[in-house]
Amino acid sequence: MSEVVKKFLYLNRKAPYGTIYAWESLEVVLIGAAFDQEVSLMFVDDGVYQLLKGQDTAGIGMKNFSPTYRTLGDYEVRSVFVDQDSLAARGLTQDDLVQIAWEDWETGEEKENIVEVVDSARVSELMEESDVIFSF
Amino acid sequence: MSILHTVNKSTFERNSLESCLKFARDGASVLLFEDGVYAAVTGTSAEDSVKAALDRLSIYVLGPDLKARGLSEDRVVEGIRVVDYAGFVDLAAENDKVQAWL
């Protein structure tokens, strides 16, 4: 495995189900977990809808991939950020979103929920700080 | 001539709903489905324009698409009617034509 650790940021801007972007992003995150990089996810604009609790796709005949978000902590994802303005414009708060737990297998360090709502300035900063941005 | 207008794109990402509401004539029907259903929810920045439109248009939203996206029917703006797939077919049949705002 490569010794170089880069900061990967997955920037998600689309709602789930209406298009394939959300599902494709999740697939790439899961595949990318094999490469031992420092991975963060960012949800902006309609991307915030991906994290809504209580999704039930039985009525539209599509796979409900939302439970997968809750397992991201097991796939090397360190942080999940959500843009505050995007939530507010959609009448949503953090209470509407899933929780994602995280545990460091080596140190035993645990976090109950790594989903963090941040302001727009912080979104820009996090983009600036990352080495690679994957846009979906 | 009655027209059923359908909107299947998020109002936060595209201007499909905005154009639909601009061009739909009084008394017309509007059905929100797929990513269009996000406009039917209360507390959004689109709520005021949707409420204003309800004074002159019949607005419907497809229930299975709400449910798939984790949105319960009690979050739907008052006056918007929730329909199932059979209701969608009825709307298409009742109107003379369908305009899809893609």
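Refer to the structure presented above.
Since the structure is predicted, the reported quantities are computational estimates derived from the model, not experimental observations.

About the thresholds
- Throughout, a residue's number is its position along its own chain's written sequence, starting from 1.
- Lettering of chains starts at A and numbering of ligands starts at 1, both following the order in which they are written.
- Residue-level local features of this predicted model are given only where pLDDT is at least 70; pairs of side-chain atoms are given and counted only at 80 or more, and the full residue set underlies all totals for whole chains, interfaces and linings.
- Helix numbers and strand numbers start at the N terminus; a helix is a DSSP run of H or I with at least 4 residues, a strand a run of E with at least 2.
- Computation of the radius of gyration draws on C-alpha atoms alone. For the globule rule, the value is 2.2 Å times the number of residues to the power 0.38.
- Neighbour counting defines burial: a residue surrounded by 20 or more other C-beta atoms within 10 Å of its own C-beta is buried, one with 12 or fewer is exposed, and intermediate counts give partly exposed, using backbone-placed C-beta atoms.
- Working definition of a contact: two residues with C-beta atoms, positioned from the backbone, lying within 7 Å.
- At least two DSSP bridges between two strands are required for those strands to pair.
- Inter-axis angles, ranging from 0 to 180 degrees, are taken between N-to-C directions of lines fitted to C-alpha atoms, where helices are fitted over the stretch in contact.

(A) Structural view of the overall build of chain A. A count of helices and strands for chain A gives 3 helices and 7 strands. Overall, chain A shows an N-to-C arrangement of helices and strands of β-α-β-β-α-β-β-β-α-β. Whereas a compact globule of 136 residues would reach a radius of gyration of roughly 14 Å, chain A reaches 15 Å, a difference of no more than 12%.

(B) Representation of the overall build of chain B. Regarding its fold elements, chain B presents 4 helices and 5 strands. Along chain B, from the amino end to the carboxyl end, the secondary structure elements read β-α-β-α-β-α-β-α-β. In terms of C-alpha radius of gyration, chain B reaches 12 Å, essentially the compact-globule figure of 13 Å for 102 residues. A principal-axis box enclosing the C-alpha atoms of chain B has dimensions of 35 × 25 × 25 Å. Expressed as a percentage of its 102 residues, the buried residues of chain B come to 46%. A fraction of 69% describes how many contacts in chain B between residues 6 or more apart in sequence connect residues 24 or more apart.

(C) Fine view of the sheet that holds strand β5 (residues 97-101) of chain B. Residues and elements named next belong to chain B. Pairing is parallel across the open sheet formed by 5 strands, whose spatial order is β4-β3-β2-β1-β5. Edge positions in the open sheet fall to β4 (81-83) and β5, since each of these has one partner strand only. The mean inter-strand angle of the sheet, taken between neighbouring strand axes irrespective of direction, is 25 degrees. In this structure, strand β1 (residues 3-7) lies alongside β5, joined through 5 bridges in parallel fashion. Paired with T6 across the two strands is A100, which belongs to β5.

(D) Layout of the sheet that holds strand β1 (residues 7-12) of chain A. Residues and elements named next belong to chain A. In spatial order, the strands read β6-β3-β2-β1-β7; together these 5 strands make up an open sheet with parallel pairing. Each of the sheet's edge strands pairs with one partner strand only, and the pair in question is β6 (115-118) and β7 (132-135). Averaged over neighbouring strand pairs, the angle between their axes works out to 25 degrees when direction is ignored. Helix α1 (residues 21-32) contacts β1, β2 (38-43), β3 (77-83) and β7 of the sheet and is inclined by roughly 165 degrees relative to β1.

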